[in-house]
Amino acid sequence: MLPPLFNIPKSHLQLYGESVYCFRDSLLGKCAQGKNPLDRFANVVAWSISTIRPMIFGAAPFNPVLGETHHVSNGTLNVRLEQVSHHPPVSALHATDEQEQVELIWCQNTTASYYGTSVEAVIHGKRVLKLLNFDETYEMNSPKALIRFFPVPGSNWAGNVRVRCKDSGLEADICYDGKSFLGFGGNHRSIRGKIFDSSSSKTIYEINGSWDRTVTLKNAQSGEITILYNAEDTIRKLNTPSLKDPKGLELTESAVVWREVGQRILKREWEKAREAKRSVEEKQRMAEKERKARGESWTSKYFRVSRTDETGWECYPRESTVPPAPIVAS
């Protein structure tokens, strides 16, 4: 069990959700506002980049307990998450915006490899974004997380991401470059790639920049350069979500499950934080023991879950839309 001294007072489920509902400028809603398929595709690529957030080196969120949930709204966007497996840890996310007619389904699980001086975390699973007004479905994966302890401690995102829309025939290949991750010069948060027509493999736009600053599009024919994504406009100086409806909180809500642990960490009461954390984890073990004694298996409340060797973990929402949440981000 990781000592609370090395925890940030949030569940991993909350951090996962924040990448979708915490923003100053909603790029997810803008995905449906493009005038043509190419505009909408570029907006989806920009949103995909916006979900990559800087990591805090040396501190980790709490591992979500089985059945833990997180439900937050930002404007007309409603987001719900649930921890649908504990061993291995699998998280599911469903978000809907009825005004913009956008739906997002995102199931992920992470496997980590240790290399002595570093850790590489591969994030499995796909994100499926639907623009319902246009009958367009976009699929994309995630880059991997890198944590290095020597020679220069730090964390980064690296690897290749592909965004695909079969309905329009457009695709994007994006590379998060971690080559200078050792820390000896260079921008280790660089991003490069292209948007192209899958039928002809013809490049339409070139993508360049830094995912924590500015990313540009260069028209492959005219050479014109435009701003695709500006991190400061989207994810800088975000407000903490606030509780608007205490009666609407579920007992499984992350903010409820980890409330005492988080409060003790903020007060730097490490021994009490350790006891509170142990209590949360012990409740999970006892619940599992009682289910086994009754011959019962745990069932997700908000998702239907499946797993095959070919497709991996997949999650399907039980409801078509996510209702407004008791917690509000703005």
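Residues numbered from 1 in each chain as written. Predicted model: local features only at pLDDT ≥ 70, side-chain atom pairs only at ≥ 80, totals over all residues. Heavy atoms only, no water.

**Structural notes on the confidence of the model for the protein chain**
- Chain-level pLDDT for the protein chain is 93 on average; 97% of the residues reach the 70-or-more range.
- Within the model, pLDDT remains below 50 along residues 181-185, and this stretch shows 12 contacts once partners closer than five positions in the same chain are excluded. (pLDDT = per-residue confidence, 0-100. Contact = heavy atoms within 4.5 Å.)

**Re a nonpolar patch on the surface**
- On the surface, a nonpolar cluster with roughly 270 Å² of combined accessible area is contributed by L2, L5 and F6.
- Mapped onto the elements of the fold, F6 is located in the segment before β1 (7-11).
- On the basis of relative accessibility, which here comes to 39%, the residue F6 falls in the partly exposed class. (Patch = residues over 30% accessible without salt bridge, like charges linked within 9 Å, V, L, I, M, F, W, Y side chains within 5 Å. Areas by Shrake-Rupley, 256 points an atom, 1.4 Å probe, with all protein chains shown as cover. Salt bridge = Lys/Arg side-chain N within 4 Å of Asp/Glu carboxyl O. Helix = DSSP H or I, 4+ residues; strand = E, 2+ residues; numbered from the N terminus. Buried < 20%, exposed > 50% of the residue type's maximum accessible area, 1.4 Å probe, protein only.)

**A look at the side chain of Q284**
- Here Q284 is to be found in helix α7 (residues 270-294).
- Assessed through its relative accessible area of 16%, Q284 is described here as buried.
- A distance of 2.6 Å separates the side chain of Q284 from the backbone nitrogen of L66, its partner in a polar contact.
- In this structure, Q284 is in contact with V65, L66 and H86, ignoring residues within four places of it in sequence. (Polar contact = N/O pair within 3.5 Å; in protein donor to acceptor, adjacent residues only side chain to side chain.)

**Brief notes about the environment of A42**
- Positionally, A42 belongs in helix α3 (residues 37-50).
- The exposure class of A42 is buried, given its relative accessible area of 9%.
- Separated by 187 residues in sequence, A42 and Y229 have C-alpha atoms that sit 9.8 Å apart.

**Looking at the pattern of salt bridges**
- Under the defined criterion, the tally for this structure stands at 19 salt bridges.
- A salt bridge links E250 to K301, with the nearest nitrogen and oxygen atoms 2.9 Å apart. On the criterion of sequence distance, the pair formed by E250 in the loop between β17 (242-243) and α5 (254-257) and K301 in the loop between α7 and β18 (303-308) is long-range, its members being 51 residues apart.
- On the basis of relative accessibility, which here comes to 22%, the residue E250 falls in the partly exposed class.
- Assessed through its relative accessible area of 52%, K301 is described here as exposed.
- Linking E269 and R264 is a salt bridge whose minimum nitrogen-to-oxygen distance equals 2.6 Å.

**As for unusual backbone geometry**
- Residue P88 is reached from H87 by a cis peptide bond, and omega for that bond is 0°.
- As for its position among the elements, P88 is in the loop between β4 (77-85) and β5 (90-97).
- A positive phi angle, near 55°, is found at K237, a position not held by glycine.
- Within the secondary structure, K237 is located in the loop between α4 (231-235) and β17.
- Even without a glycine there, the phi angle at R268 is positive, about 60°.
- R268 gets classed as exposed once you look at its relative accessible area, which sits at 61%.

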